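Architecture at a glance
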Amino acid sequence: MSKKEKNIAIIENERMIKGQVVLDLSIDHRSLGTVTQSGDEFVAKLPNGEVFRAKQQDEAVSFLIREYHLHQGR
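Residues numbered from 1 in each chain as written. Predicted model: local features only at pLDDT ≥ 70, side-chain atom pairs only at ≥ 80, totals over all residues. Heavy atoms only, no water.

Some details on the sheet that holds strand β3 (residues 30–38)
Convention followed: In this scheme, strands are said to pair when DSSP sees at least two bridges between them. Each helix is a run of H or I in the DSSP string that is no shorter than four residues. Each strand is a run of E no shorter than two, and both are numbered from the N terminus. As a rule, the C-alpha atoms of each element are fitted with a line to give its axis, helices using only the stretch in contact, and angles between N-to-C directions run from 0 to 180 degrees. We call two residues in contact when some of their heavy atoms are within 4.5 Å.
Read across the sheet, 5 strands follow the order β1-β2-β3-β4-β5 without closing on themselves; strand pairing throughout is antiparallel. For this open sheet the edge positions go to β1 (11–17) and β5 (51–54), each flanked by a neighbour on one side alone. Strand-to-strand twist in this sheet, taken as the mean axis angle between neighbours without regard to direction, amounts to 25 degrees. In terms of strand pairing, β1 meets strand β2 (residues 20–27) through 7 bridges, oriented antiparallel. Residue Glu14 lies in a different strand from β2, and its bridge partner there is Leu23. In the packing of helix α1 (residues 57–71) onto the sheet, the strands contacted are β2, β3, β4 (41–45) and β5, and the crossing angle to β3 comes to about 155 degrees.

Observations regarding the packing of aromatic side chains
Selection criterion: Only Phe, Tyr and Trp rings take part, Trp by its six-membered ring, and two of them pair if their centres are within 6.5 Å. Stacked means planes under 30 degrees apart, edge-to-face means over 60, and tilted covers everything else. The buried label goes to any residue with under 20% of its type's maximum accessible area, the exposed label to any with over 50%, and the partly exposed label to all in between, with areas taken from a 1.4 Å probe on protein chains only.
Tallied over the full model, the rule gives 1 aromatic pair. Ring plane angle 15 degrees and centroid distance 4.3 Å describe the contact between Phe52 and Phe63, whose orientation is recorded as stacked. Here Phe52, found in strand β5, pairs with Phe63, found in helix α1; they are 11 residues apart in sequence, far enough to count as distant. When its relative accessible area of 23% is taken as the criterion, Phe52 is described as partly exposed.

Overview of the pairing of β5
Examined bridge by bridge, β4 and β5 share 4 bridges and lie antiparallel to one another. The partner of Phe42 across the bridge, within β5, is Ala54. Remark: 5 residues form the turn of the hairpin made by β4 and β5, two consecutive strands paired antiparallel; Gly49 in that turn has positive phi of roughly 100 degrees.

The following block contains the structure:
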């Protein structure tokens, strides 16, 4: 038996904090984390404080989404 695909809307909210653009990702009011630029790299920060550094913004966003799917059963 196959499972039905479920579409999930990810909300991207850009805001300015201390002169720096912060991309906030959330699903149904549950935060996936934030992405900020630091020099030549992008820093993805999970709500638990874990940090991931990436060369591209898309890579940092993908990391947050993967972590959400990996731990959504908790």
